[in-house]
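Here's the letter readout for the chains.
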Amino acid sequence: MRAEDFRRIKEFVAEQFGLVLDEGRESFLAQKLVPRLTELRLTSFADYYAYLKYSPHSDEEQQQFISLLTNNETYFFREDAQLDVLAREILPALKEKKLKEGKRTLRIVSAGCSSGEEVYTLAMILLESGHFLWDWDIAITGVDIDARIIARADLGIYSGRAFQTTPPHFIERYFNKAAEGLQVKDSLRKITSFARGNLLQLGNMLPAESADIIFCRNVLIYFSEETTRQMVASFAKILKPEGLLFLGHSESLARISTQYVPTRFPGAIIYRKRD
Ligand SMILES: C[S@@+](CC[C@H](N)C(=O)[O-])C[C@H]1O[C@@H](n2cnc3c(N)ncnc32)[C@H](O)[C@@H]1O
């Protein structure tokens, strides 16, 4: 791949999706794109760039392209220290606060939800907690840029590694056997939904001050500092006053944003939107 081809694609990916392709990743990109060029019978990366940007099929191609580029690694009950904090500390406190305010709605967003394991994990934790049953209106929404992965999340069929850290009783309670694995039960489906979307435009997808909690884990590592700044600022718009942001354990808002107050829990830091 010529330096010029890499630069143009790199700029396009940053502008369009906010993703950073680090310098020196020409061979990574070439390896990802060669099978696609062959399928399309294109003979150069310059031709592919033109196809991606200007062809009548560019929208469709951008979908394929982003699927090739993104890392969709995920599994149920990932990073359990944070999930413990959610179950033990956050949910009971949130319930109490809501009851005091006379509100019985709960909105959680999984930003960069991949194939849905995080969304369904949150749904299981919520149902297991027993705090938000009966007349509560609860909704967990997963958003991801990759249409192919959102279709898998909607299908809700999983096997193998997806369950690598799932306590067995959750499998028994929340999944049915299906031909190709285990499928989520209706109790999870009722409180979850998925949408394709770019996190850079999340502010246009969801109403202001509508979310109690946003999970955005293992996503920001792929963005530049500037894009991360934009993204967490848009999360702040969507979060309710004092709403909470969970990041992956290797991600932090230090030197990125002053809109959140970090709160330390055993094994986890959670960010509270500043009043
Ligand atoms: C490594 S997965 C993380 C999944 C899950 N949050 C977890 O921690 O297990 C990162 C996901 O972020 C999505 N993603 C990357 N950039 C995005 C963007 N600009 N808008 C929406 N989703 C994006 C990718 O498609 C991918 O599915």
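Above this text you will find the structure in question.
As the structure is a computational prediction, the values presented were derived from the model and not from experiment.

Draft legend 1. Expanded view of the overall build of the chain. The secondary structure content of the chain amounts to eleven helices and ten strands. C-alpha extents for the chain along the principal axes are approximately 60 × 50 × 35 Å. Taken across its 275 residues, the chain has 49% of its residues classed as buried. Taking the intrachain contacts of the chain between residues at least 6 apart in sequence as the baseline, contacts between residues at least 24 apart amount to 73%. Within the structure as shown, the chain displays about 13,800 Å² of accessible surface, and the carbon and sulfur contribution to it stands at 50%.

Draft legend 2. Structural view of the sheet that holds strand β5 (residues 181–184). Overall, antiparallel pairing links the three strands, which are arranged β3-β5-β4 in an open sheet. Lying at the two open borders of the sheet, with one neighbouring strand each, are β3 (157–158) and β4 (175–178). Across two bridges, β3 lies against β5 in antiparallel orientation. For Y158, the partnering residue across the bridge sits in β5 and is L182.

Draft legend 3. Focus on the sheet that holds strand β1 (residues 105–111). With respect to topology, seven strands assemble into an open sheet ordered β6-β2-β1-β7-β8-β10-β9, the strand pairing being mixed. Edge positions in the sheet fall to β6 (192–196) and β9 (260–265), since each of these pairs with one other strand and no more. Each strand axis lies, on average, 20° off the axis of its neighbour in the sheet, ignoring direction. Pairing of β1 with strand β7 (residues 211–216) involves three bridges; the strand directions are parallel. Note that in β7 the partner of V109 across the bridge is I214. Most of the contacts of helix α5 (residues 80–101) go to strand β8 (residues 239–247), to which it runs at about 170°, and overall it touches β1, β7, β8, β9 and β10 (268–273). Together, β2 (137–144) and β6 form the strand contacts of helix α7 (residues 147–155), whose direction differs from that of β6 by roughly 165°.

Draft legend 4. Spotlight on the pattern of salt bridges. What the rule picks out here adds up to 19 salt bridges. A salt bridge links D135 to R104; the nearest nitrogen and oxygen atoms lie 2.8 Å apart. Of the two residues, D135 is situated in the loop between α6 (117–129) and β2 and R104 in the loop between α5 and β1; the sequence distance between them amounts to 31 residues. Here R104 falls in the partly exposed class, since its relative accessible area comes to 37%. Here E118 makes a salt bridge to R217, at a shortest N to O gap of 2.8 Å. With E118 in helix α6 and R217 in the loop between β7 and α11 (225–238), the pair connects residues that are 99 residues apart, well separated along the chain. As far as the burial class goes, E118 and R217 line up, both buried. Through salt bridges with shared partners, a single ionic network connects E4, R7 and E11.

Cut-offs and rules
- Residues numbered from 1 in each chain as written.
- Predicted model: local features only at pLDDT ≥ 70, side-chain atom pairs only at ≥ 80, totals over all residues.
- Heavy atoms only, no water.
- Helix = DSSP H or I, 4+ residues; strand = E, 2+ residues; numbered from the N terminus.
- Buried < 20%, exposed > 50% of the residue type's maximum accessible area, 1.4 Å probe, protein only.
- Contact = heavy atoms within 4.5 Å.
- Areas by Shrake-Rupley, 256 points an atom, 1.4 Å probe, with all protein chains shown as cover.
- Pairing = 2+ DSSP bridges.
- Axes fitted to C-alpha atoms, helices over the stretch in contact; angles between N-to-C directions.
- Salt bridge = Lys/Arg side-chain N within 4 Å of Asp/Glu carboxyl O.

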